[in-house]
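Reading the structure
The primary structure of each chain is shown beneath.
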Amino acid sequence: MCGIIGYVGTRDVVPVLIGGLKKLEYRGYDSAGIAVVNGNGVEVVRAEGKLSNLEAKLDDRKLHGSFGMGHTRWATHGKPNENNAHPHRDCTGQVVVIHNGIIENFLPLKQRLQKAGHEFKTETDTEVVAHLIEERIKGGTKFVDAVRQTLKELEGHFALVMIDGSEPGTIVAAKQGPPLVVGLGENENIIASDVAPLLAYTRNIIYLEDGEYAIADQQNVRVFDKNDNDVTRPPKKILWDAVMAEKEGYRHYMLKEIHEQPRAVRDTFNGRMFEESAQIYFNDLQLTADDWAKIKKVQVIACGTSWHAGLVGKFLLEDAARIPIEVDYGSEYRYRNPIIDGSTLVIGVTQSGETADTIAGMQEAKRQGAKLITICNVIGAAATRMSDGVIYTNAGPEIGVASTKAFTTQLTAFYLLSLYIRELRGEDVSVRKQGMHEMRMIPHRIEHILKHQEQHIERLAHKYANSTDFLFLGRGVHYPIALEGALKLKEISYIHAEGYPAGEMKHGPIALIDENLPVVAIATKTPVYDKVVSNLQEVKARDGKLIVICDEGDEEIAKLADDVIEIPHTIEPLQPILSVVPTQLLAYYIALRLGKDVDQPRNLAKSVTVE
Ligand code: M6R
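What you see is a predicted model; the values in this text were computed from it and never measured. (Residues numbered from 1 in each chain as written. Predicted model: local features only at pLDDT ≥ 70, side-chain atom pairs only at ≥ 80, totals over all residues. Heavy atoms only, no water.)

Each helix and strand in the protein was counted, giving 19 helices and 27 strands. Expected size for 611 residues packed as a compact globule is a radius of gyration near 25 Å; at 25 Å, the protein falls within 12% of this value. When each of the 611 residues of the protein is scored for burial, the buried share is 60%. Excluding contacts between residues fewer than 6 apart, the proportion of contacts in the protein whose partners are at least 24 apart in sequence is 71%. (Helix = DSSP H or I, 4+ residues; strand = E, 2+ residues; numbered from the N terminus. Rg over C-alpha atoms; globule rule 2.2 N^0.38 Å. Buried < 20%, exposed > 50% of the residue type's maximum accessible area, 1.4 Å probe, protein only. Contact = heavy atoms within 4.5 Å.)

Now for unusual backbone geometry. At the junction of H86 and P87, the peptide bond is cis and its omega measures out at 0 degrees in the coordinates. Among the structural elements, P87 can be located in the loop between β4 (67-73) and β5 (88-89). Of note, N337 is a non-glycine position whose phi angle comes to about 50 degrees, a positive value. Note on placement: N337 falls in the loop between α11 (330-333) and β20 (344-350). Judged by its relative accessible area of 66%, N337 is exposed.

Helix α14 (residues 405-424) packs onto helix α8 (residues 261-269) with a crossing angle of 30 degrees between their chain directions and a minimal axis gap of 9 Å. Taken together, the axes of α8 and α14 are roughly parallel relative to one another. For the element pair α8 and α14, the recorded crossing hand is right-handed. Facing Q261, R263, A264, V265, T268 and F269 of α8, the residues of α14 in contact are K405, T408, T409, T412, A413 and L416. When the residues that make up the contact of α8 with α14 are grouped by side-chain class, the tally is five nonpolar, five polar and two charged. (Axes fitted to C-alpha atoms, helices over the stretch in contact; angles between N-to-C directions. Parallel < 35°, antiparallel > 145°, perpendicular 65-115°, else oblique. Left-handed = near helix turned anticlockwise from the far one by under 90°. Nonpolar A, V, L, I, M, F, W, Y, C, P; charged D, E, K, R; others polar.)

Okay, the packing of aromatic side chains next. Applying the stated criterion across every chain yields a total of six aromatic pairs. Positioned above the aromatic ring of Y29 is the side chain of K50, whose terminal nitrogen or guanidinium carbon lies 4.4 Å from the ring centre. Over the aromatic face of Y529 sits the side chain of K525, whose NZ or CZ is 4.8 Å from the ring centroid. (Phe/Tyr/Trp six-rings, centres within 6.5 Å; stacked < 30°, edge-to-face > 60°. Lys NZ or Arg CZ within 6 Å of the ring centre and 35° of its normal.)

Looking now at the sheet that holds strand β24 (residues 496-501). Pairing within the open sheet is parallel, and its five strands lie in the order β24-β23-β25-β26-β27. Each end of this open sheet is capped by a strand with a single partner; those strands are β24 and β27 (563-567). The sheet shows a mean angle of 15 degrees between the axes of neighbouring strands, taken without regard to direction. One ladder, built from six bridges, connects strand β25 (residues 518-523) with strand β26 (residues 545-551); its direction is parallel. Across the sheet, the residue bridging to A521 is V548, located in β26. (Pairing = 2+ DSSP bridges.)

Let us now look at the pairing of β27. Residues D563, I565 and I567 of β27 are buried on one face, while the alternating residues V564 and E566, pointing to the opposite face, are not. Sheet topology note: the β26/β27 ladder contains five bridges and is parallel. Across the sheet, V548 pairs through a bridge with V564, a residue of β27. Note on the crossover from β26 through helix α18 (residues 555-560) to β27: the handedness is right-handed. (Right-handed = clockwise from strand over helix to strand, strands pointing away.)

Another point: α8. The element α8 is largely enclosed, with a buried count of nine among its nine residues. Following α8 by one or two positions, G271 adopts a phi angle in the positive range, close to 80 degrees.

This part is about the domain arrangement of the protein. As assigned here, the protein comprises domain 1 (3-244), domain 2 (246-427) and domain 3 (446-605). The gap between the C-alpha centroids of domain 1 and domain 3 is 43 Å. (Domains from an automatic or database assignment.)

Lining the immediate environment of the ligand, one finds 13 residues, of which S306, Q351, S352, T355 and E491 sit closest. One of the backbone nitrogen or oxygen atoms of T305 is found 3.1 Å away from an oxygen atom of the ligand. Taking S403, its main chain carries an N or O atom lying 2.8 Å from an oxygen atom of the ligand. Notes on the ligand: free accessible area 410 Å², of which the protein chains cover 91%. (Near = heavy atom within 4 Å. Polar contact = N/O pair within 3.5 Å; in protein donor to acceptor, adjacent residues only side chain to side chain. Areas by Shrake-Rupley, 256 points an atom, 1.4 Å probe, with all protein chains shown as cover.)

Counting residues in hydrophobic clusters, the biggest one holds 83 residues, and the most contacted among them are W292, V298, I347, F414, L417, M439 and F470. Residues lining this core come from more than one domain, with at least three contributed by each of domain 2 (246-427) and domain 3 (446-605). Counting 30 residues, the second-largest nonpolar core is a separate cluster that includes V16, L17, V181 and A245. (Core = buried A, V, L, I, M, F, W, Y, C linked by side-chain atoms within 4.5 Å.)

Quick look at the pattern of salt bridges now. When the charged atoms of two side chains with opposite charge come close together, those side chains can pair. Under the counting rule described, the total for this entry stands at 32 salt bridges. Between D145 and R148 there is a salt bridge, and its shortest N-O distance comes to 3.0 Å. Remark: R148 and D145 occur in helix α5 (residues 143-153); sequence separation between them is three residues, near one turn of the helix. Overall, the relative accessible area of 33% leaves D145 in the partly exposed class. Its salt-bridge partner being D230, residue R222 comes within 2.9 Å of it at the nearest N-O pair. Three or more residues are tied together by salt bridges with common partners; here these are D145, R148, K152 and D228. (Salt bridge = Lys/Arg side-chain N within 4 Å of Asp/Glu carboxyl O.)

What follows is the structure, encoded as structure tokens:
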């Protein structure tokens, strides 16, 4: 996720910007840059790769000033190189912009501006913002008003910081989605993606809300809503230390990342899903209708949580593609002599893109002539470099060892891919449009779960934390969620847990059931709902403790279960993105109750780079 910092005050701005960007490094990035306004006008320095590369360039430039902005870029539109690194400029070089998020309507805006004679230098969506402001300034509008008018034209989710070298001393920052905070100092004001870089200067912070923008100079900060009305909001006093600031006040990265899921899912579908034409657009996926026509089977290779995402993917892709889909563990695939040829599409699913078992399987597939694509969260990771195409999950860096937002964004990527395959196969537009509409609602529905169920789940965690075993049950698309729920619980709480297809329970695990065994079941309204209810009755008849994740208002389940966790309804292929959230929270609060090291569980590493 990109990191943003803007400063206006009395200090030498370069160390402020670089120090701030260092505090934002944990968000992950592939390039960085700063813009400084001084007697020479606007000076921009950018570099690919780590901040040390930027610092080396700055050593040569001896840049000074007390007004500027800095950015770390996590690429979405355009390659992660110096040219696409922020800040971006208009044709005059005076209007400078940094940005986090996605401007969804950048393409028509860019075409319009190009027709009007604007020259674009980068592949980014961000650059349109600088040219839109320039266009208005050329027509006689003042910088701040030009920004106001420009913001009304932008669609998507973005945090923007903008300055104009010909009106130095004023920064405008706008938020529509990604976080943006303003720190109020003495004779200085500072804007950033989160509070971590601000704490060295002030503890008085204003959090911008969606649709708001702030105009800051050395003395004042004024906040406005989307209708340009003044917003009066007293600053909050932040007492966090630096580590707490990185976690944005959450106790653990895992909890922060669970709460980031609405944003992460949205960033994964934004800019790729176009409802009006019912089209899916993947900029890094080389898979045309001709390529697709040659594919006779799909093999998914992954490990751990990513393997569970692959199992959900099998349901979605098989239904869309009507060809066989196999899902393999990376550690099993290459040792089982798999049947691979030029008509095989292999999909590697890996958050880190560095998991040795997954990569070894992908290498074997490639060696035998398969077409290779990767669903990955890390730009330029090993798995992406060997692939013919990539679908990036824009989850942002995942720091907690237990994977949460990486998983829900993998499910999002699979769903988009299933819609894309339907498009390549010329399937009905109305099904795709309905699917896109439901997809767009998912972030709100995750927020709804977090708002209405988290405290209840925390109470359930206290009730069941001393159990020695758990059984997780699900059928169809929810069977992989049963596996994922069990994995999450065991990896961070060290409680033994098993995931099982509910219909298989009677073939063995039913022997485990007694009054001491909590059974977490997913029973939402799918075509197998009645079958799941029968399976749950089998649990109840043996005195098992039933905790059921079900649709809101399901009275049948309420009568049967000891405890229910209600989630909003959506179409079946998207339900796993919702049903997994309560299992993440349950695992988190049980581990917390037991005093375990949630973010760094024993014996586990975030990225397993050995076989
Ligand atoms: O980076 P990857 O997605 O390839 O990692 C695969 C597994 O190691 C990973 O999903 C692991 O199972 C998670 N820590 C589970 O929460």
